[in-house]
Amino acid sequence: MTARIERVVTEGVVDVDGVEHKVENNTWIVGDDEEVIVIDAGHDAEKILDKVGDREVLAVICTHGLPDHVGAAIEVAARDEAVIAMHPKDKPLWRRTWPDTWPDIELEDEGVFAVADVELEVMATPGFTHGGISLFCEELDAVFTGKTLLADGPGKVNGEYPALADQLSTIGGRLFTLSHSTRVLPAHGEETVIGELEPKFDSWLSGGLTGAAEPEQEGPLTDGTRAAGIRLNLDGD
């Protein structure tokens, strides 16, 4: 059977100084009518599993370890005794949500996961987090970029770039080597293609991302890390 990509948009609530904020995330499902891999299981395990249906979950892969992206990982994986996979450098972030557990598999650059009739290749894309990864599927001409790269550019944490030079190096050296037709499927917001973003890269390198900008518009659904006021200590344990 032919593999396909499906999106589930999940919403959750984070509490900031007694005030609740809604947050929204993409969970991606890759597979066919028999088996799937779930990417970034955030917030709502029931909604994700409803989309999966009676298909077998082989693995839950986390592109990074921030709380609003791993909150449903254990419950989604547990239904079919699937493995959870994450880069080891993001374990400290994982432990903020799940202090008594570890992912089952430590991701490595160029590692491969097979599902249905396609493969997902692990691309180490650090910068947003130390252990950030993307997953490239050549057969489906798609790359799952987590928060390394969104439709409007490199991902931020609480409105800031944790390590912009590293993030841009990753984007230019890895993601922008892919075909212009490759779909970019991020952890937040709508999808785009590499060809829409790559022409903006020189502007990003020359400071276009950190210059004066208009104030961001806050909607009812925001980036979870921003709403939660998360400030990462990427070297913490």
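In this numbering scheme, every chain counts its residues from 1 along its sequence in written order. Confidence filtering applies because this is a predicted model: local features only for residues at pLDDT of at least 70, side-chain atom pairs given and counted only at 80 or more, and all residues used for totals across whole chains, interfaces and linings. For the side-chain quantities, the full set of heavy atoms in the structure was used; hydrogens and water were omitted.

Details of the overall build of the protein
Worth spelling out the cut-off: Helix and strand labels come from DSSP, where a helix needs a run of H or I of at least four residues and a strand needs a run of E of at least two; each type is numbered from the N terminus. The protein chains shown are the only cover counted for residues, whose accessible areas, like all others here, come from Shrake-Rupley with a 1.4 Å probe.
Regarding its fold elements, the protein presents eight helices and 15 strands. Total accessible area computed for the protein in this model is approximately 11,000 Å², and 45% of it derives from carbon and sulfur atoms.

Digging into the side chain of His69
Formally: For this analysis, a polar contact is any N or O atom pair within 3.5 Å, provided that within protein one partner can donate a hydrogen and the other can accept it, and provided that sequence-adjacent residues contribute only side-chain to side-chain pairs. Contacts are residue-level and defined by heavy atoms, with any inter-residue pair within 4.5 Å sufficient.
By the element assignment, His69 lies in helix H2 (residues 67–70). For His69, the side chain forms a polar contact with the side chain of Asn25, separated by 3.4 Å. Filtering out sequence-adjacent residues up to four positions away, His69 remains in contact with Asn25, Asp40, Ala41, Gly42, His64, Lys147, Ala187 and His188.

What to know about helix H1 (residues 45–52)
Note the following rule: Whether a residue is buried, partly exposed or exposed follows from its accessible area with a 1.4 Å probe, protein chains only, as a fraction of its type maximum: under 20%, in between, or over 50%, in that order. The arc under discussion is defined with respect to the helix axis, by the directions toward the C-beta atoms.
For H1, every residue scored as buried is listed here: Ala45, Ile48, Leu49 and Val52. One side of H1 carries all its buried residues, which in axial view fall inside an arc of 95°. Exposed residues pointing more than 90 degrees away from the buried face of H1 are listed as Glu46 and Asp50. You can read the cap of H1 off the contacts: a side-chain oxygen lies 3.2 Å from the backbone nitrogen of Glu46, and it is on Asp44.

Section: the packing of helix H5 (residues 164–173) against helix H7 (residues 201–208)
Think of two packed helices as two axes; the pair is described by the angle between the axes and how far apart they sit. Going by this rule: Under this scheme, a helix contributes an axis fitted over its contacting stretch, all axes are lines through C-alpha atoms, and angles between N-to-C directions fall in the 0 to 180 degree range. When describing relative orientation, an angle under 35 degrees is termed roughly parallel and one over 145 degrees roughly antiparallel, while 65 to 115 degrees is termed roughly perpendicular and anything else oblique. The sense of a crossing depends on the near helix, which, turned anticlockwise from the far helix by less than a right angle, makes the crossing left-handed and, turned clockwise, makes it right-handed. Polar here means any residue outside two lists: the nonpolar Ala, Val, Leu, Ile, Met, Phe, Trp, Tyr, Cys and Pro, and the charged Asp, Glu, Lys and Arg; Gly therefore counts as polar.
With their axes 11 Å apart at the nearest point, H5 and H7 run at an angle of 165° to one another. Considering their axes alone, H5 and H7 lie roughly antiparallel with respect to each other. Every pair of crossing elements has a handedness; the one defined by H5 and H7 is left-handed. Residues Leu168, Ile171 and Gly172 of H5 form the contact with H7, whose participating residues are Phe201, Trp204 and Leu205. Counted by class, the contact of H5 with H7 contains five nonpolar, one polar and no charged residues.

Some remarks on the packing of aromatic side chains
Cut-off, in case you're wondering: We call Phe, Tyr and Trp rings a pair once their centres come within 6.5 Å, taking the six-membered ring for Trp, and we label the pair stacked below 30 degrees between planes, edge-to-face above 60, and tilted otherwise. Comment: the charge-over-ring label is applied if NZ (Lys) or CZ (Arg) is within 6 Å of the ring centre and within 35 degrees of the ring normal.
Counted by the stated rule, this structure contains five aromatic pairs. Following the ring pairs from residue to residue traces out a cluster consisting of Phe176, Phe201 and Trp204. Of note, Lys91 hangs over the ring of Trp102, and the distance from its end group to the ring centre comes to 4.7 Å. Stacked on the ring of Trp102, the Lys or Arg Arg95 has its end atom at 4.1 Å from the ring centre.

Description of the sheet that holds strand E14 (residues 192–193)
Going by this rule: Two strands qualify as a pair provided that DSSP identifies no fewer than 2 bridges between them.
Taken in spatial order, the six strands of this open sheet run E7-E8-E9-E10-E13-E14, and their pairing is mixed. Taken across any chain shown, the strands that pair with only one partner, and hence form the sheet edges, are strand E7 (112–115) and E14. Relative to strand E9 (residues 133–137), strand E8 (residues 118–124) is paired through four bridges, and the arrangement is antiparallel. Of the residues in E9, the one forming a bridge with Ala124 is Ile133.

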